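Architecture and fold: a report
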Amino acid sequence: MSFIGNLLWFILGGFVSGITWLISGIFWCITIIGIPVGLQCFKFAGLAFFPFGKKVTYPSTGAASTILNILWIIFSGIWLAAGFALIGIIFCITIIGIHFGKQYFKFAQLAISPFGAVIE
């Protein structure tokens, strides 16, 4: 199921989404101060290309990750998470879109606190 889901996801928008996150990460990494944000964009890109069969986990995080997550939530995380959750709800309204909706909820979880998150 994950192969077919990833294939459909990639064809129906995952490629464009992943490329967008990669370009965003490259622009953030051009500046030295933006490198941590750029690395999180690369994390989103990896999940955006092929999300099926992957989990977002949070092993023990340190104080630096917590502080960066708070700043992330304030400046962009809440809007990203709300958008991904809304798209997930819209997909879950239809029976066919439930699997895609679950993937958007995974994105929403990662959008709330990407620092310290591990994609398995």
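Structure's up top.
Here the residue index of a chain counts from 1 through its sequence in written order. In view of the model being predicted, local features appear only for residues whose pLDDT reaches at least 70, and side-chain atom pairs are presented and counted only at 80 or more, with totals across whole chains, interfaces and linings using the full set of residues. Calculation of side-chain values draws on the structure's entire complement of heavy atoms; hydrogens and water are dropped beforehand.

1. Describing the state of the cysteines
Pairs of cysteine sulfur atoms within 2.5 Å are identified as disulfides in what follows. Under the criterion given, the structure shown has zero disulfides. Cys 41 carries a free sulfur, and the closest cysteine sulfur to it, the one in Cys 29, is 7.9 Å from it. Relative accessibility under 20% of the residue-type maximum defines a buried residue, over 50% an exposed one, and the middle range a partly exposed one, all with a 1.4 Å probe and only protein chains included. Overall, the relative accessible area of 2% leaves Cys 41 in the buried class.

2. Considering the packing of helix α2 (residues 35-49) against helix α4 (residues 98-112)
Close contact between α2 and α4 brings their axes to 11 Å; oriented N to C, the two are set at 175 degrees. In terms of orientation, α2 and α4 fall into the roughly antiparallel class. Residues Lys 43, Phe 44, Leu 47 and Ala 48 of α2 lie in contact with α4, whose contacting residues are Lys 106, Phe 107, Leu 110 and Ala 111. Basically, the charged four are Asp, Glu, Lys and Arg, the nonpolar ten are Ala, Val, Leu, Ile, Met, Phe, Trp, Tyr, Cys and Pro, and anything else, Gly included, counts as polar. In terms of residue class, the contact of α2 with α4 is built from six nonpolar, no polar and two charged. Angular values range over 0 to 180 degrees, each being the angle between N-to-C directions of two axes fitted as lines to C-alpha atoms, with helices fitted over their stretch in contact. A helix here means a DSSP run of H or I that spans at least four residues, while a strand means a run of E at least two residues long, and both kinds are numbered starting from the N terminus. Note on angle classes: values under 35 degrees are labelled roughly parallel, values over 145 roughly antiparallel, values of 65 to 115 roughly perpendicular, and the remainder oblique. Two residues qualify as a contact provided that any one of their heavy atoms is within 4.5 Å of a heavy atom in the partner residue.

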